[in-house]
Amino acid sequence: MSAVGIPRTRADGALKVTGAARYAADWPIEGLRHAVLVGATIPRGRLTRLDVTAAQHAPGVVAVLTHRTAPRLHPVPHPPIGQTLLPLQDERILHDGQPIALVVAERLEQAVEAAALVRVEYEGEPAVVCLEDALGLAYTPKEAHAAPDTRVGDLDAGLRAADSVVDATYATAARHHNAMEPSATTAEWRDGELTLHDATQWVWGVREAVATALGLELERVRVIAAFTGGGFGAKGWAWSHQLLAAMAARALGCAVKLVLTRAQGFSSHGYQPATRQQVSLGARADGRLTAIRHESVNATSTYDEYAELAVAGTRSLYACPAIHTRSRVAPVSTITPTPMRAPHEGPGMFALESALDELAYALRLDPLELRLRNHADRDPTSGKRFSSKQLRACYLRGAERFGWPERPLPPRSLRDGHDLVGWGMASAIMTTFRMSASARVRVHRDGSVVVEAGCQEIGTGVYTILPQIAAEALGCPVDRVSLRLGDTHLPETCGTFGSSTTLTVGSAVHDAGRRLRARLTGMGVPADFRFEGDALGELLARHGVASVEADASWAPTGDGDWSMHSFGAVFAEVRVDADLCLPRVTRCVGAYSAGRIVNPTLARSQMIGGMTWGIGQALLERSETDRRLGRFLAKNLTGYLVPVNADAPTPEVLFVDEDDPNASAIGARGIGELSAVGVGAAIANAVHHATGVRVRELPITPEHLLLS
Ligand code: MOS
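Each chain carries its own residue numbering, running from 1 in the direction its sequence is written. Residue-level local features of this predicted model are given only where pLDDT is at least 70; pairs of side-chain atoms are given and counted only at 80 or more, and the full residue set underlies all totals for whole chains, interfaces and linings. Side-chain metrics rest on all non-hydrogen atoms present in the structure, leaving aside hydrogens and water.

(A) Up close: the overall build of the chain. Secondary structure summary: the chain contains 16 helices and 28 strands in total. Our radius of gyration looks at C-alpha atoms and nothing else; its globule reference is 2.2 Å times the residue count to the power 0.38. Expected size for 708 residues packed as a compact globule is a radius of gyration near 27 Å; at 26 Å, the chain falls within 12% of this value. Counting only C-alpha atoms and orienting by the principal axes, one finds that the chain spans roughly 75 × 75 × 50 Å. Across the 708 residues of the chain, 62% fall into the buried class. Residues count as neighbours in contact if any of their non-hydrogen atoms are within 4.5 Å of one another. Look at the contacts in the chain between residues 6 or more apart in sequence, and 82% of them connect residues 24 or more apart. In short, Shrake-Rupley with a 1.4 Å probe defines the accessible areas, and a residue's cover is counted only from the protein chains shown. Carbon and sulfur atoms form 50% of the exposed surface of the chain, whose accessible area is close to 25600 Å². Of the side-chain charges in the chain, 71 are positive and 77 negative, and the distance between the mean point of each set is 1 Å. For helices the rule is a DSSP run of H or I covering at least 4 residues; for strands it is a run of E covering at least 2, with both sets numbered from the N terminus onward. Here's how the labels work: a residue is buried when its accessible area is under 20% of the maximum for its type, exposed when over 50%, partly exposed in between, all with a 1.4 Å probe on protein chains only. His is not counted, nor are the chain ends; Lys and Arg add positive charge and Asp and Glu add negative charge. We put the charge of a Lys on NZ, of an Arg on CZ, of an Asp on CG and of a Glu on CD.

(B) Quick peek at the pairing of strand β15 (residues 323-332). Across the ten residues of β15, eight count as buried, placing the element largely inside the fold. Any two strands between which DSSP finds at least two bridges are classified as paired. Where strand β7 (residues 150-152) lies against β15, three bridges are found, and the strand directions are antiparallel. For T150, the partnering residue across the bridge sits in β15 and is T325. Direction of pairing for strand β14 (residues 289-301) relative to β15: parallel, over a ladder of ten bridges. Bridged to E295 within β15 is R326.

(C) View of the environment of G82. For G82, the location among the structural elements is in the loop between β3 (61-66) and β4 (92-93). With a relative accessible area of 0%, G82 lands in the buried category. Residues G82 and I335 lie 253 residues apart in sequence; the distance between their C-alpha atoms is 9.3 Å. Beyond its immediate chain neighbours, meaning those up to four positions away, G82 contacts W237, A238, W239 and T336.

(D) Up close: helix α3 (residues 108-115). Q110, A111, A114 and A115 are the residues of α3 that are buried. Projected down its long axis, α3 shows its buried positions confined to an angular sector of 130°, all on one face. The inward-facing, buried residues of α3 contact β1 (33-39), α2 (53-57), β3 and β5 (99-105). Starting at the helix axis, one direction is taken to each C-beta atom, and the arc is that of these directions.

(E) Local environment of the sheet that holds β4. Sheet architecture is open: three strands sit in the order β4-β2-β6, paired in antiparallel fashion. Single-partner strands in this sheet number two, and they are β4 and β6 (119-124). As judged from the six bridges shared by strand β2 (residues 45-51) and β6, these two strands associate in the antiparallel manner. The residue bridging R46 from the neighbouring strand is E123, located in β6.

(F) Examining the packing of helix α11 (residues 462-474) against helix α12 (residues 501-522) more closely. Orientation is described by lines fitted to C-alpha atoms, with helices fitted over the stretch in contact, and by angles between N-to-C directions that extend from 0 to 180 degrees. With their axes 8 Å apart at the nearest point, α11 and α12 run at an angle of 35° to one another. The handedness of the crossing between α11 and α12 comes out as right-handed. On the side of α11, the interface is formed by V462, I465, L466, I469, A470, A473 and L474, while α12 contributes T501, T502, V505, G506, V509, H510, G513, R514, L516, R517 and L520. Think of it as three bins: nonpolar holds Ala, Val, Leu, Ile, Met, Phe, Trp, Tyr, Cys and Pro, charged holds Asp, Glu, Lys and Arg, and polar takes everything else, Gly as well. Its residues placed into classes, the contact of α11 with α12 shows eleven nonpolar, five polar and two charged. We call a crossing left-handed when the near helix sits turned anticlockwise from the far one by less than a right angle, and right-handed when that turn is clockwise.

Structure representation (structure tokens):
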């Protein structure tokens, strides 16, 4: 019985649309207190006066914590915490929004009211607040998740051998995650134990951060996240609000709820930093690349390093004898940046794939043909074979679906009434992040099957997918299987990031299901037994047991042998009003090579979400910095544009048939973040095709086109 590969709608869909799904801020706990965070309003300096007297005496206020009254915290490694700066420890201010007080009251309205009564004076210090002003301060990061620099081959020789060279600088904007559910924590202190209901992508990371900071044994902290309302990286690591809620709950011996406001979503957790990238490409007249140089610098905070490795994908995408990449970070006075879907390759492929398009025009070659001629059969930097790669099929199938062969090469050659029409394409590549995970599968006498794995459901469909994998491994109908997740009391898994849950936790569930099947076989079940009807319950009853279970752990192997990436080809059509210069995406096709697809319905949803996110990156999303005030200007979604239905067509998604046994026990690689890669470049390339204007920064706005 195959349950994997079958389209199934979300098992938790009804719970979510009826409001029955319980999120971090939804837990009714007796005696719950409400906390409100007060943030600094300067980017750098120190507090000279912090008067909380009026706030303390306001109606309903239980406590006001400040750096003078808050408990001292122990240092926490970064990660699991998003930044090493701990809240309420001294009078130093290192970023706008840095917590300076936590007001706790009986009711939320009382806490909000009292928070407004906190009186603050600062002594400001000069601060560099955006990447443009910090470029001269750039340095090589020491803490990147991969080597920041690579050098393969002789770059100068490659450039000298080239018939055509492209040399250009690209920029991507700072962006914020803006998950539908704001970051939120309900912390309860009871009998020396702390329980957090947290909006997180990593319950174990939050547990470690909170336990370490508060000096508690790990066993005394439990973190639960039954549902997380989107994260996109903002909830990957722990930030100040979890520590503050936990600190207050312990200090007051009660339950404390802290929900970041929409505005605090722009200052109280990390963001995707702005990047500045330089790309040089050299190619022979036939299009074959002779040299690739990609250098990137991103903003980080003044006290921590976050390396946005925009060059990551460039190391593996195209066959080329000389590839040099370099990454640097430049300190600015903001909170520490953090991964945001899709980190690294998301900003990076905008630069590389725009440059490829420029090279195609320099060579008078079709942009798709240029990519086909440079297809890499092995990883060009490491020399390793790819675990599995179907990029060629992505190019061809995507192009066919889009109608790419009809495309005239010259810019400004398609018109429809008042609109300039353009077609652009780009490649997509995303590192396959693999981590370890454990899981348990149990059958009960009533024939029900329960899967337990502590991972999080952040909107990707875990409640549906993991039961499918268990059902296949066990050979039982999928509707028998339910899932318990999001709890540090369950088998430990990695965090929900790097698009890794299905392949990682799925592999553990698959192995646990197989082991359980073997255990049942040991109890006399024939190898080809189908667990249908009451057969399973009857078997357990015969053996006089209430349930049988099996545990499994999965850890990646073969990292040294393979280059592991998911791939894609993205095609976009834009229309640009000839007078108003407003660019709009009218069609978008993505064809993907991502290993085995466990659930085509939910996989398609992931890709639609990511491609729409890419449309936002291309045309709308930008967190602008107010240089004078030293803060991000946007405080809500009227100042930060994300695509709505009117901005985005429903993208078309194709998956190439694939099975990658080298990547995971279930043949899957990561899909979610891949879909946000390449879209920005495909759209920028389409804008160039429509208008003849090459815009080398995102987002592309009418101003870029009006002024050129
Ligand atoms: Mo993702 S940006 O790895 O949560």
